[in-house]
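# Observations on the model geometry
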Amino acid sequence: MAYLDKFHTLVGETVMQCQRIEYDVKVIYCAMQSGDMSENFKAVKSLALGQIITELETLDTSSATPCFSKSDYRLLKDIRNVRNWLAHSAYMDFMYESDERWSDSLNKSYERLSTFHRRMIALSNQVENVRFEIMRRFGRI
């Protein structure tokens, strides 16, 4: 059974992983571009994740050895949908349920969140590894 305090904690940890991925994706994109990396980052730091993923995918797949697979890009794009769920309806899925349904609805939301959280931890570790690889490959570190 899920408890609300665990749900709150998992929401925060999941959002943190999403932000970590977003930052690393932006760094990867900037490192792959020519020019000064700091200037590249200034140009993209306020762009939405979806736009950066699309631009990175175009740049990455034009290479003979892309860093991410098609399934990796699908998962990266999926982040947007789940972040929207987290921001707009994760709590609404159970918050206004009757006493009998509240616990069941919370448990369903918690399971969905737990699954996504595990996926985001794995993806954030993978993206971090790619970030280091790209930084070395493009002479940024």
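Before reading on, note that the structure itself is shown above.
Rules used in this analysis
Residues numbered from 1 in each chain as written. Predicted model: local features only at pLDDT ≥ 70, side-chain atom pairs only at ≥ 80, totals over all residues. Heavy atoms only, no water. Buried < 20%, exposed > 50% of the residue type's maximum accessible area, 1.4 Å probe, protein only. Helix = DSSP H or I, 4+ residues; strand = E, 2+ residues; numbered from the N terminus. Arc of directions from axis to C-beta. Contact = heavy atoms within 4.5 Å. Polar contact = N/O pair within 3.5 Å; in protein donor to acceptor, adjacent residues only side chain to side chain. Phe/Tyr/Trp six-rings, centres within 6.5 Å; stacked < 30°, edge-to-face > 60°. Salt bridge = Lys/Arg side-chain N within 4 Å of Asp/Glu carboxyl O. Core = buried A, V, L, I, M, F, W, Y, C linked by side-chain atoms within 4.5 Å.

All right, on to helix H2 (residues 37–44) then. All of the buried residues along H2 are Met37, Asn40, Phe41 and Val44. Mapping the buried residues of H2 onto a view down its axis gives an arc of 95°, with all of them on the same face. Residues of H2 that are exposed and point over 90 degrees away from its buried face: Lys42 and Ala43. Tucked into the core, H2 has its buried residues touching helix H1 (4–32), helix H3 (49–61) and helix H6 (99–137). One side-chain oxygen of the residue at the start of H2 lies 3.3 Å from the amide nitrogen of Ser38, identifying that residue as Asp36.

Counting across every chain of the model gives six aromatic pairs. An angle of 50° between the planes, with centres 5.8 Å apart, marks the rings of Tyr91 and Phe94 as tilted. What makes Tyr91 partly exposed here is its relative accessible area of 24%. Residue class for Phe94 comes out buried when judged on its relative accessible area of 1%.

Once that is clear, we can look at the pattern of salt bridges. The full count for this structure, using the stated rule, is 10 salt bridges. Arg101 serves as the salt-bridge partner of Glu97, at 3.5 Å between the closest nitrogen and oxygen. For Glu97, a relative accessible area of 29% translates into the label partly exposed. The shortest N-O distance in the salt bridge between Glu133 and Arg137 comes to 2.6 Å. Note that Glu133 and Arg137 are positioned in helix H6 at a spacing of four residues, about one turn of the helix. Note on Arg137: relative accessible area 41%, which makes it partly exposed.

Glancing now at the nonpolar core. Grouped together as the largest cluster of nonpolar side chains are 40 residues, with contacts concentrated most on Leu76 and Ile79. For this core, the secondary-structure elements that each account for two or more residues are H1, H2, H3, helix H4 (70–88) and H6. In terms of residue count, H1 provides more of this core than any other element does, 12 residues in total. Each residue touching Ile79, except ones within four places of it in the same chain, is listed here: Cys18, Ile21, Leu49, Phe116, Met120 and Leu123.

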